[in-house]
Amino acid sequence: YIESWLPERRSRRKPLLFVHGELAGSWLWERYLGYFAGRGWEGHALNLQNHHWSRTADPATLSFDTYTEDVDGISRVEVPA
């Protein structure tokens, strides 16, 4: 699950990606996403598996590699225009 904040006007700046740590989720980044969107930056906050609105998985199967794959998968996801 990805939350996206878009600026009023598109810019050529590369989008920002926010990734939370343990016991958090995209909600952690809401103030930052709003701040940067207000200054022309497109921002996205990823929720890793088993965190805040993301897909659930058996915790015994999750590893650092699982979360790395979540982050890598962002490049294949279309975000709203």
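Structure: see above.
Only a predicted model underlies this, so the values are computations on that prediction, with no experimental measurement involved.

Engineer: Give me the packing of aromatic side chains: which residues, what numbers.
Structural biologist: Evaluation of the coordinates by the stated rule reveals four aromatic pairs. Aromatic pair Phe18 and Trp29: ring centres 5.2 Å apart, planes at 40 degrees, arrangement tilted. Here Phe18 is found in strand 2 (residues 16-19), whereas its partner Trp29 is found in the loop between strand 2 and helix 1 (30-37), with eleven residues between them in sequence. Residue Phe18 shares its accessibility class with Trp29, and that shared class is buried. Ring geometry for Tyr35 and Phe36: centres 5.2 Å apart, planes at 85 degrees, overall edge-to-face. By relative accessible area, Phe36 is classed as partly exposed at 26%. A connected cluster of aromatic rings, assembled from ring pairs, spans Phe18, Trp29, Tyr32, Tyr35 and Phe36.

Here is what the cut-offs are and how they apply
Residues numbered from 1 in each chain as written. Predicted model: local features only at pLDDT ≥ 70, side-chain atom pairs only at ≥ 80, totals over all residues. Heavy atoms only, no water. Phe/Tyr/Trp six-rings, centres within 6.5 Å; stacked < 30°, edge-to-face > 60°. Helix = DSSP H or I, 4+ residues; strand = E, 2+ residues; numbered from the N terminus. Buried < 20%, exposed > 50% of the residue type's maximum accessible area, 1.4 Å probe, protein only.

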